[in-house]
Amino acid sequence: MSETSADAPGVVGVLGAGRAGTAFARALLKAGFEVDIAGTRPPKALRHHLKIYAPGARAVDADEVADRARGQERPLVILAVPQEDLDEMDTHWADGCVMVDATNAWHHEILPTWLQQAVDAGAPTSTAVAARFPGARTVKALNHIAHADFDEDVHPELPLDQRRAAGAAGDVDADRGLVMGMLDRIGFDPVSVGALADSRIMEPDGPLFDRRLRREDVLRRTG
Ligand SMILES: NC(=O)c1ccc[n+]([C@@H]2O[C@H](COP(=O)([O-])OP(=O)(O)OC[C@H]3O[C@@H](n4cnc5c(N)ncnc54)[C@H](OP(=O)(O)O)[C@@H]3O)[C@@H](O)[C@H]2O)c1
């Protein structure tokens, strides 16, 4: 299983500028990353929202949210759009990037057919999301931490064993390591939970979801 990667990108693209996307952006900015962020609104309309919820983040159009990240050696982007909206998205938006799937299926949400089929088959949603965006390399992370916790629970100044644990699941060690490096830099204790197929435990009905856990608690739950 991979360990945290020492290098991490300077610019992260975040698609989705709602509660989750702006919370991720705040934590990234605090850790010294630059953030390009987009929603459905044009950048001009998004700027006012960002002044309040993610000051310092750069508002861009959705079709350019990965551009600056892609210019780096190890491009990293975050998907923070409701799953019910995934059909609306360009399936190539994150091509060439490691894409953090930070999304969740909520019971009331009407999911795209391809995603509902995966849920009905008992698969983790991340595997269907990964198949939907085949040009990106998907790592599940950040989805199990509530947006309101980001301001309180990120502590880069603390040693790892005193931080909140944050899971990462991915099929490629180097990609999962890149995401774990980002989680470390923003102030979590990154814990690998294995491959995407193992990411059910991070989902809303799983034992990692919305719980303030330490590394040993996560490892106990991953079996
Ligand atoms: N809320 C949390 O605590 C939390 C924590 C972790 C993970 N998550 C997950 O993150 C995802 C987003 O949740 P949220 O609470 O942030 O939702 P939200 O507050 O409703 O925000 C959704 C964002 O997605 C954007 N969006 C929708 N369709 C889009 C499209 N086709 N292209 C580009 N952007 C699009 C919206 O754009 P506009 O701004 O233009 O409307 C908005 O910025 C969900 O899957 C959720 O489960 C949420």
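Residues numbered from 1 in each chain as written. Predicted model: local features only at pLDDT ≥ 70, side-chain atom pairs only at ≥ 80, totals over all residues. Heavy atoms only, no water.

A. Examining unusual backbone geometry more closely. Although it is not a glycine, leucine 142 sits at a positive phi angle of roughly 70°. Tracing the chain through its elements places leucine 142 in the loop between β6 (137-141) and α6 (150-153). You can call leucine 142 buried: its relative accessible area is 3%. Positive phi, normally seen in glycine, also occurs at aspartate 210, with a value near 55°. Here aspartate 210 shows up in the loop between β8 (189-194) and α8 (215-222). (Helix = DSSP H or I, 4+ residues; strand = E, 2+ residues; numbered from the N terminus. Buried < 20%, exposed > 50% of the residue type's maximum accessible area, 1.4 Å probe, protein only.)

B. Summary view of the environment of alanine 130. Counting through the fold element by element, alanine 130 comes out in helix α5 (residues 125-132). With ten residues separating them in the primary sequence, alanine 130 and lysine 140 have C-alpha atoms 9.4 Å apart. When sequence neighbours within four positions are dropped, the list of residues in contact with alanine 130 reads Thr138 and Leu196. (Contact = heavy atoms within 4.5 Å.)

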